Amino acid sequence: MGAKTIIIVLLSTLLLATNLFWVYIVLDQATAQKYRQQESREDKARIAVLEQSCR
């Protein structure tokens, strides 16, 4: 293999790795957002129950 081929393979591998990392980050952020939304809904439900019990 020539030097150009090695460089092309290396750059292609790096591009693939960065794209996979980007996908991981996007999925991780989406999952974290879903957990935050669920926690917010649960907090609101707890607040509503506590408000009703204080009346």
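Conventions used here
Residues numbered from 1 in each chain as written. Predicted model: local features only at pLDDT ≥ 70, side-chain atom pairs only at ≥ 80, totals over all residues. Heavy atoms only, no water. Helix = DSSP H or I, 4+ residues; strand = E, 2+ residues; numbered from the N terminus. Rg over C-alpha atoms; globule rule 2.2 N^0.38 Å. Buried < 20%, exposed > 50% of the residue type's maximum accessible area, 1.4 Å probe, protein only. Areas by Shrake-Rupley, 256 points an atom, 1.4 Å probe, with all protein chains shown as cover. Lys, Arg positive; Asp, Glu negative; His and termini not counted. Charge placed at Lys NZ, Arg CZ, Asp CG, Glu CD. Salt bridge = Lys/Arg side-chain N within 4 Å of Asp/Glu carboxyl O.

Participant: Give me the lowdown on the overall build of the protein, citing residues and values where you can.
Facilitator: What the protein contains, in helices and strands, is one helix and zero strands. For 55 residues, the compact-globule estimate of 2.2 N^0.38 gives 10 Å, and the protein exceeds it by more than 25% at 24 Å. Counting every position in the protein, which comprises 55 residues, the buried fraction comes to 0%. When the accessible area of the protein is evaluated, it comes to approximately 5,300 Å², of which 67% is carbon and sulfur surface. Each charge class in the protein was averaged separately, 7 positive and 5 negative side chains, and the resulting centres sit 9 Å apart.

Participant: Describe in detail the pattern of salt bridges, supporting the description with residues and values.
Facilitator: Scanning all chains against the criterion turns up two salt bridges. The shortest N-O distance in the salt bridge between Glu 42 and Arg 46 comes to 3.9 Å. Here the residue Glu 42 and the residue Arg 46 both occupy positions in helix H1 (residues 3–53), the gap between them amounting to four residues, near one helical turn. Taking the relative accessible area as the measure of exposure, Glu 42 reaches 36% and is therefore partly exposed. Where Arg 46 meets Asp 43, a salt bridge forms, and the shortest distance between an N and an O atom there is 2.8 Å. Taken together, the positions of Arg 46 and Asp 43, both in helix H1 and three residues apart, correspond to about one turn of that helix.

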